[in-house]
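Spelled out, the chains give:
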Amino acid sequence: MAQFTSSQSMKGKLYKEMAELTVSKPKPQWKVEGPIRNWLELPSDVMSNILYRIGPIDILENAQKVCTTWCKICKDPAMWRVIHMKTTVGPFRQVWEICRHAVDRSQGQLVDISIVDVVNDQLLQYVAHRSSQLKRLEFVSRYRDLHWNWTQALKKFPMLEELNLYKIKISEEAIEAAGRCCPMLKTLKVNQESCMFLHGGTDEKSLMIRNKTAKAIGENLHELRHLELIGNTMTNIGLEAILDGCCYLESLDLRQCMYINLKGDMGKRCSENIKYLKLPEDSVEGCLYISESDMFCVICEEEFTYYDDLHGIDGEDWTVYDCEDY
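Residues numbered from 1 in each chain as written. Predicted model: local features only at pLDDT ≥ 70, side-chain atom pairs only at ≥ 80, totals over all residues. Heavy atoms only, no water.

Caption draft 1: Inspection of the packing of aromatic side chains at higher detail. Within the structure shown, the criterion is met by two aromatic pairs. Considering the side-chain rings of Phe139 and Trp150, the 6.2 Å spacing of their centres and the 55 degrees angle between planes classify their relative orientation as tilted. Taken together, the residues Phe139 in strand E3 (residues 136–140) and Trp150 in helix H7 (residues 150–154) connect sequence positions 11 residues apart. Classification of Trp150 by relative accessible area gives buried; the value is 1%. On the basis of an interplanar angle of 70 degrees and a centroid distance of 5.0 Å, the ring pair of Tyr166 and Tyr289 is categorised as edge-to-face. Of this pair, Tyr166 sits in strand E4 (residues 162–166) while Tyr289 sits in the loop between strand E9 (276–278) and strand E10 (296–299), placing them 123 residues apart in sequence. Here Tyr166 matches Tyr289 in class, with each residue buried. Over the aromatic face of Tyr126 sits the side chain of Arg130, whose NZ or CZ is 3.6 Å from the ring centroid. Seen from the ring of Tyr259, Arg210 lies directly overhead, with NZ or CZ sitting 4.3 Å from the centre. (Phe/Tyr/Trp six-rings, centres within 6.5 Å; stacked < 30°, edge-to-face > 60°. Helix = DSSP H or I, 4+ residues; strand = E, 2+ residues; numbered from the N terminus. Buried < 20%, exposed > 50% of the residue type's maximum accessible area, 1.4 Å probe, protein only. Lys NZ or Arg CZ within 6 Å of the ring centre and 35° of its normal.)

Caption draft 2: Quick peek at helix H11 (residues 265–273). Within the span of H11, buried status applies to Met266, Gly267 and Cys270. Viewed along the axis of H11, the buried residues span an arc of 100 degrees, placing them on a single side of the element. Exposed side chains of H11 directed beyond 90 degrees from the buried face belong to Asp265, Lys268 and Glu272. Against the buried residues of H11 lie helix H10 (236–245) and E9. (Arc of directions from axis to C-beta. Contact = heavy atoms within 4.5 Å.)

Caption draft 3: Spotlight on the sheet that holds strand E2 (residues 112–116). Strand order across the open sheet formed by eight strands is E1-E2-E3-E4-E5-E7-E8-E9, with parallel pairing between neighbours. Each having just a single partner strand, strand E1 (82–85) and E9 make up the two edges of the open sheet. When strand polarity is set aside, the average angle formed by the axes of neighbouring strands in this sheet is 5 degrees. Relative to E3, E2 runs parallel, the two sharing five bridges. Counterpart to Ile113 in the pairing with E3 is Leu137. Those strands touched by helix H5 (residues 92–106) are E1 and E2, and its axis lies near 170 degrees from that of E1. (Pairing = 2+ DSSP bridges. Axes fitted to C-alpha atoms, helices over the stretch in contact; angles between N-to-C directions.)

Caption draft 4: Geometry of the packing of H5 against helix H6 (residues 121–128). Where H5 meets H6, the axes come as close as 10 Å, and the angle between the chain directions of the two elements is 10 degrees. Classified by the angle their axes make, H5 and H6 are roughly parallel. From H5, Trp96, Cys99, Arg100, Val103 and Asp104 reach across to H6, where they touch Gln122, Leu123, Tyr126 and Val127. (Parallel < 35°, antiparallel > 145°, perpendicular 65-115°, else oblique.)

Written out as structure tokens, the structure reads:
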């Protein structure tokens, strides 16, 4: 047994010495050249997805001119079922023509469109007459005093599910038309800059004007699930009309609605019936196209917008004042 153990020990020592003397050489690093990729051989659906991400303007101005394959893909109506023009670069007329061209390319298959700044009534009507399958429409305007014929346009959107308007007004007649002609409408956003009235505008005529949008929504859009009215001038009269008429509301955004009082029963009713509620004093940080500096002051009796001289004339941010104190 002792001899066997001694023999094992000697062999183990020998193996250890041999291992220490063995120096492992680094393996050569072979650089394998991969096959040259031909991007034109990508499946058409993959290439469509890539091209879509560069936006309508670059597609129509550049991408479709690269080769016949890309041109064919860019002319496919399926490529234009969703049109989002968030960046508007170039003259208004040029971008407006690109919008119309994009709508034409959809050949009636357009289901979702978002346009910022270059929107006007003519473009709205153009979309309406060529997009009967539209489900979502979002228009944003940074210019005021635009006149929109929403009543006629909404009659052309029987499948509309979502209507988002930023800094664009809509009449009670148009809301009534939406109730009749857009039975699938579940989401409505009519977001404005918040405005402050001299003396609160509490006479009967002022209250009627300020609550007309809210009352029209409550009387006509009974199937709404999501409603945003940032900056609306309604009082509790309009809010009550909404709660009475829109019984299925899940979310309600009342930020910057300065004339709503939620301290009493109205606040309790909102909290009990609305799952996701945003209050007038909640911050608008992160809200698309609306910011704190968008608030302005209106002197109703004289029908003009009143700004702080130091800010309004110099083109800086508007400053909000309490009219009575000012």
